[in-house]
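# Results of the structural survey
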Amino acid sequence: MSEYKKIRYGNFIKLSSVSHYDVSYDKLTKDSENKTEEEKKIKLNNLHIYKLLQPYVSIRFMDQFKALMPLVIYLILFQLFILGQNIQEALTITLGLSAVLVGLMLFMEGIKQGLMPFGEAIGNSLPKKVSFFTVLSVAFLLGIGVTFAEPAIGALKAAGSLVEVTKAPYLYALLNDYSGLLVLLVGVGVGFAAVLGTMRFVYGWSLKPYIYLALIPTLLLTIYCMNDKDLISVLGLAWDSGAVTTGPVTVPLVLSLGIGIASAAGKGNSSLSGFGIVTLASLFPIVAVMLLAIYVSFTITPEEIIASAAALSNLPTQELAWYESTPGVEVILGVRAIVPLVLFLLFVMKIMLKEKIKNSGIITYGIVLSVIGMCIFNIGLSYGLAKLGGQSGSLVPAAFNTITTGSGTIIEAIYPYAIGLTIAIGFAFVLGFGATLAEPALNALGITVQNLTNGAFKKRTLIMSVSFGVGIGIAIGIVKIIFTIQLAYILLPLYLLATVLTYLSSEEFVNIAWDSAGVTTGPITVPLVLAMGLGFGNAVGAIEGFGILSMASICPILAVLTTGLYVKYTVKHENEVLEKENISVQGATQ
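Now for a quick tour of the structure. These figures come from a predicted structure and were not determined experimentally.

### What about the overall build of the protein chain?
When helices and strands are tallied, the protein chain shows 23 helices and two strands. A burial count over the protein chain gives 49% of its 590 residues as buried. Here the contacts in the protein chain between residues at least 6 apart in sequence split such that 84% fall between residues at least 24 apart.

### Here we look at the nonpolar core
By size, the foremost hydrophobic cluster in this structure holds 170 residues, and its most contacted members are Phe546 and Ile554. At 14 residues, the largest contribution of residues to this core is made by helix α13 (residues 277-299). Once residues lying within four places of it in the same chain are set aside, the contact partners of phenylalanine 546 are Leu156, Ala159, Val163, Leu171, Leu175, Gly236, Leu237, Asp240, Lys480, Leu530 and Leu534.

### Structural notes on the environment of serine 370
Locating serine 370 in the fold gives a position in helix α16 (residues 360-395). Residue serine 370 is classed as buried on the basis of its relative accessible area, which comes to 0%. Taking the C-alpha atoms as reference points, serine 370 and isoleucine 111, 259 residues apart in sequence, are found 6.1 Å from one another. In contact with serine 370, not counting residues within four places along its chain, are Leu106, Phe107, Gly110, Ile111 and Ile338.

### Structural notes on helix α19 (residues 459-482)
The end-to-end C-alpha distance of α19 is 35 Å, a good match for the 34 Å that 24 residues give at a rise of 1.5 Å each. Once α19 finishes, threonine 484 follows within two positions and takes phi at roughly 50°, a positive value.

### Things to note about the packing of aromatic side chains
As enumerated under the stated definition, the model contains 11 aromatic pairs in all. For the pair tyrosine 74 and phenylalanine 78, a centre-to-centre distance of 6.2 Å together with 45° between the ring planes defines the contact as tilted. Within this pair, tyrosine 74 and its partner phenylalanine 78 are both found in helix α4 (residues 46-82), separated by four residues, close to a single helical turn. Through a chain of ring-to-ring contacts, the aromatic side chains of Tyr74, Phe78 and Phe427 assemble into a single cluster.

Conventions we followed
Residues numbered from 1 in each chain as written. Predicted model: local features only at pLDDT ≥ 70, side-chain atom pairs only at ≥ 80, totals over all residues. Heavy atoms only, no water. Helix = DSSP H or I, 4+ residues; strand = E, 2+ residues; numbered from the N terminus. Buried < 20%, exposed > 50% of the residue type's maximum accessible area, 1.4 Å probe, protein only. Contact = heavy atoms within 4.5 Å. Core = buried A, V, L, I, M, F, W, Y, C linked by side-chain atoms within 4.5 Å. Expected span 1.5 Å × (residues − 1). Phe/Tyr/Trp six-rings, centres within 6.5 Å; stacked < 30°, edge-to-face > 60°.

Written out as structure tokens, the structure is:
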């Protein structure tokens, strides 16, 4: 028998592409050398252009349409038929939602064509040309850069205008006076996650110790803040910020860099590569936000924050420049989010690695799409998603409670208290369950999990577990707002339970469960749920409406860990039954 040497697939691709080169179709055609440049050019009329672009655009548009429209239709129908309230500013919201669809379509295509190739190329080349310390430094800076480029981070910053300074001064300060520093420190948290995730890819370390070590400071800081009457209001923001960071920019770019480095180094466990980075990128930003809040509490008093806000509100209104008011500010934020990240990637590629950028035309096309898409998405976020989510959230409490709308209209409770409360909680559950089912990333994760577990953990089982967990999480978040339950009293027991289940679970299920929370927080779900929570909180007179996203993160972790233990028990039981049957058959044969 001949012997075969095993080779990593990533190395095979690199080796097989050494002698690969492109040949222009024009050079293969007959008499191409005798043609003039004008004759060689392919001439397209408008119909040809339409037939070429229509499939390309429609497929990408429908991907975003399928993710967004079920949520929008659900919110509209619930508001019209269950609450009996008309949609305010319907035309503005419609145009805003259209901008979200177009912007997200362009942005996601730009990420795929422009930024992703950068991450893969840099990840494959870095370990060969620079020291491991430099590799980790690049991963750290990339983690910061991708955080600013996350579409949902704009929703976090926009939430500052909805917080009343007298009720939550430190929360107000973080979202207004310290908003830039807040996002930077969230990025630092993602940067640390990228560093540790990269080291884990290279050395094939277990995820469990990372989880334990990351949870210790997170829970201790949570206990500290919950015992401070002024800092307790920032806990929801801190825990929600972890969910905001794991979006369509952070996960693919940092992941491609880490896996590329591990592949180039010839190390790492193929069954674990790709898992764990989302978990760490969710936990470290929580620590960063709480540390910032504690620092602010040592440097300024709540009275000073309230006085400063009052002084600003009393200043005469000045005419804002075009870049300081909507929609100009959204365009500037879109450019500011993408361009610095691109410049950093260019610096690494051209200056540090001194490599030529392959397919530069396609990459440039992708970068331009990313910038344009981010700008359009930001505008749609302000006029569409945020308005619809805030409006729905502020009206849902009318099911069980008398509320006053922003226009001053008083709406009496539509249903008896118990029925109305059940409707409100049910609304939250269906919203979370349906939104998660629509996430394309969850379907991809389900296929991966089914392959890794040899079919023991089926794709449908994972999808239903995660969706159910998110639905329960958002419902618990609404209950927390209605009854003004402190977030820490819910989070601490749930994370302690998750720690116990993590200890009992196998490595594969731990990786799957802790990363499953990241796929539920997409660029559509996050702004919608954030705006809904804040609108709900204002309607019921809560101090703040944060915390729902944190519930939507921990509950699917618990759901998947529990399901994983059940699957493990079932497989073990089936194996024992088969073993007993084999023994019985062998005994009867003898």
